[in-house]
Amino acid sequence: MRKNYNPYLLPPWLRKLRFYMKHCIIPLTVFQAIRTIIVPTTGDILLLAVLILICYLLLTDFI
């Protein structure tokens, strides 16, 4: 069984990293989406998919 997630049990440096990543990941994802619409390449599409996944996981507190 999985224990309940408590972000306060993380080290302080990791909590700060998660906090800053939460606020930086959305603008990066939007920029990458615009870039993918203008010049779509395989690498851009894969990077956009990874950024969307990370954004989803951070916003749902899974990471």
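Scroll up a little and you will see the structure.
Described in the following lines is the structure provided in the data block.

Rules behind the numbers
- As a convention, each chain's residues are numbered from 1 in the sequence order in which they are written.
- It should be noted that, the model being predicted, local features are given only for residues of pLDDT at least 70 and side-chain atom pairs only at 80 or more, the latter also being counted only at that level, while totals for whole chains, interfaces and linings use all residues.
- The side-chain values count all of the structure's non-hydrogen atoms but skip hydrogen atoms and water molecules.
- Only DSSP runs of H or I covering at least 4 residues are called helices, and only runs of E covering at least 2 are called strands; the numbering of each starts at the N terminus.
- In this description the radius of gyration comes from C-alpha coordinates, and the expected globular size is given by 2.2 Å times residues to the power 0.38.
- The buried label applies to any residue whose accessible area, calculated with a 1.4 Å probe on protein chains only, is under 20% of its type's maximum; exposed applies above 50%, and partly exposed to all values in between.
- Only heavy atoms matter for contacts: two residues are in contact if any of them lie within 4.5 Å across the pair.
- With residues, only the protein chains shown are counted as cover, and all accessible areas are computed by Shrake-Rupley using a 1.4 Å probe.
- For this analysis, a ring pair means two rings from Phe, Tyr or Trp (six-membered ring only for Trp) whose centres lie within 6.5 Å, classed as stacked if their planes differ by under 30 degrees, edge-to-face if by over 60, and tilted for the remaining angles.
- Salt bridge, as used here, is a side-chain nitrogen of Lys or Arg placed within 4 Å of a carboxyl oxygen of Asp or Glu.
- For this analysis, a polar contact is any N or O atom pair within 3.5 Å, provided that within protein one partner can donate a hydrogen and the other can accept it, and provided that sequence-adjacent residues contribute only side-chain to side-chain pairs.

So, on to the overall build of the protein chain. For the protein chain, the count of helices and strands is 2 helices and 0 strands. Against the compact-globule benchmark of 11 Å for 63 residues, the protein chain has a radius of gyration of 14 Å, which places it well outside the compact range. Seen along its three principal axes, the alpha-carbon backbone of the protein chain occupies a region of about 45 × 25 × 15 Å. In the protein chain, which comprises 63 residues, the share counted as buried stands at 17%. Nonlocal contacts in the protein chain, meaning residues at least 24 apart in sequence, comprise 46% of its contacts between residues at least 6 apart. If you sum the accessible surface of the protein chain, you get close to 5,300 Å²; carbon and sulfur atoms cover 75% of it.

The next subject is the packing of aromatic side chains. Aromatic ring pairs are defined here through the distance separating the ring centres and the angle between the ring planes. For the structure on display, the rule yields 1 aromatic pair. Their ring planes at 70° and their centres at 5.4 Å tell us that Phe 19 and Tyr 20 sit as a pair that is edge-to-face. A relative accessible area of 45% places Phe 19 in the partly exposed class. For Tyr 20, a relative accessible area of 52% translates into the label exposed.

Two side chains carrying opposite charge are able to pair once their charged atoms lie near each other. Evaluated as defined, the whole model comprises 1 salt bridge. Note that Arg 35 is salt-bridged to Asp 44, the shortest N-O span being 2.8 Å. On the accessibility criterion, Asp 44 (8% relative accessible area) is buried.

A word on the side chain of Thr 36. Locating Thr 36 in the fold gives a position in helix H1 (residues 12-38). Among the polar contacts made by the side chain of Thr 36, one reaches the main-chain carbonyl oxygen of Gln 32 at a distance of 2.7 Å. If sequence neighbours within four positions are ignored, Thr 36 has contacts with Asp 44, Ile 45 and Leu 48.

None of this, on its own, says anything about what the molecule does.
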